[in-house]
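# Residue-level structural notes
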Amino acid sequence: TPIVMAAVADPVGQRLITSLARPGANVTGRSSQAEDLIPKKLELFARVLGKPTTVAVLVDSNSAVHPRMFDALAAVAQPLKLELVRIEAGRRPSDVQLPEAFATAQRRNADAIFVLPDEPFFFAQRAQIAALAAKHRLPSFYSAREFVDAGGLMSYGEDPAQSWRSLADCISKIAAGAKPGDLPVAQRTQFELVINLKAAKALGLTIPHSLLLRADEVIQ
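None of these values were measured; they are calculated from a predicted model.

Reading guide: rules and limits
Residues numbered from 1 in each chain as written. Predicted model: local features only at pLDDT ≥ 70, side-chain atom pairs only at ≥ 80, totals over all residues. Heavy atoms only, no water. Buried < 20%, exposed > 50% of the residue type's maximum accessible area, 1.4 Å probe, protein only. Helix = DSSP H or I, 4+ residues; strand = E, 2+ residues; numbered from the N terminus. Pairing = 2+ DSSP bridges. Axes fitted to C-alpha atoms, helices over the stretch in contact; angles between N-to-C directions. Contact = heavy atoms within 4.5 Å. Phe/Tyr/Trp six-rings, centres within 6.5 Å; stacked < 30°, edge-to-face > 60°. Lys NZ or Arg CZ within 6 Å of the ring centre and 35° of its normal. Polar contact = N/O pair within 3.5 Å; in protein donor to acceptor, adjacent residues only side chain to side chain.

The buried fraction of strand S9 (residues 191–196) is high, at five of six residues. Relative to S9, strand S7 (residues 154–158) runs antiparallel, the two being bridged by five bridges. What sits directly across from Met154, in S9, is Ile195. Judged from the three bridges that link them, S9 and strand S10 (residues 217–219) form a sheet pairing that is parallel. Counterpart to Asn196 in the pairing with S10 is Ile219.

Here we come to the sheet that holds strand S4 (residues 82–89). On the basis of which strands lie adjacent, the open sheet formed by seven strands has the order S4-S3-S5-S6-S7-S9-S10 and mixed pairing. Both edges of this open sheet fall to S4 and S10, since each of them pairs with a single strand only. Taken over all neighbouring pairs, the strand axes of this sheet differ in orientation by 20° on average, direction set aside. Where strand S5 (residues 112–115) meets strand S6 (residues 140–142), two bridges bridge the pair, whose relative direction is parallel. Within the sheet, the bridge partner assigned to Ile113 lies in S6 and is Ser140. With respect to the sheet, helix H2 (residues 66–77) is in contact with strand S3 (53–60), S4 and S5, its orientation differing from that of S4 by roughly 165°. Lying over the sheet, helix H5 (residues 126–135) contacts S3, S5 and S6, oriented at roughly 155° with respect to S6.

On to the sheet that holds strand S8 (residues 186–187). On the basis of which strands lie adjacent, the open sheet formed by three strands has the order S1-S2-S8 and parallel pairing. Edge strands, defined here as strands with exactly one partner in the open sheet, are strand S1 (3–8) and S8. With four bridges connecting them, S1 and strand S2 (residues 27–31) associate as parallel partners. Directly across from Val8, in S2, lies its bridge partner Ser31.

Take the packing of aromatic side chains next. For the structure shown, the criterion picks out seven aromatic pairs. A ring pair is formed by Phe121 and Phe122, whose centres lie 5.7 Å apart and whose planes are at 45°; its orientation type is tilted. Just as Phe121 is buried, Phe122 falls in that class too. Members of the aromatic cluster, connected to one another through ring pairs, are Phe45, Phe114 and Phe141. Here Arg86 stacks its cationic end above the ring of Phe70, 5.7 Å away from the centre of that ring. In this arrangement the basic side chain of Arg126 is found over the ring face of Phe123, its NZ or CZ atom lying 4.2 Å from the centre.

In this section: the side chain of Arg145. Considering the arrangement of structural elements, one finds Arg145 in helix H6 (residues 145–149). Taking the relative accessible area as the measure of exposure, Arg145 reaches 16% and is therefore buried. Here the side chain of Arg145 touches Glu217 through a polar contact of 2.5 Å, side chain to side chain. Filtering out sequence-adjacent residues up to four positions away, Arg145 remains in contact with Ser155, Glu192, Val194, Glu217 and Ile219.

Let us now look at the pairing of S5. Regular strands place their side chains on alternate faces of the sheet. Burial along S5 is two-sided: Ala112 and Phe114 and Ile113 and Val115, pointing in opposite directions, are all buried. In this sheet, S5 lies alongside S3 in parallel orientation, the contact comprising four bridges. Following the sheet pairing, Leu58 is matched in S5 by Val115.

As structure tokens, then:
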């Protein structure tokens, strides 16, 4: 049975495919390139934060890729005058729950929160995460605009429309007889910056005009 991935951060490292060019077996689809964008996302976030700033990084306790993503953030944090605090949460009953994770971030004097991408649990709980960030008055940065639609401050990530269109094209080729293992795994090429001015006002933040001009969408 052909399997088409919608967004997997590291399909080669997770041994789902052999390579992006020739995935092999019965799997193809899209790779999210989440790790490659991590430094850029932190740079964008730093432009609206005071310096020095302590940023809590929300990590899924069960993620195979989040430890590497955190390391990628740590590599660029010092030049940006940011101190990172790793905060874990998860879906299992034994894991730290989201309210407790945010309380820990506050106890550790975090000034903002950065939610690591490509985690279905965080995406499913985006309304709760945005609400907790607002409750604790933490400017928040995400990789999917849906978090900003739910009340978060900023996001930078893939244009969802482009992603789904490319998946439809992939499925069409498979339906026409192509083997999934022969179809290269697509990678993101278009990204969007979304800023929530309503959230910024509630937090008492001023978004730089240059960043507003660069944004693909500004939510009033």
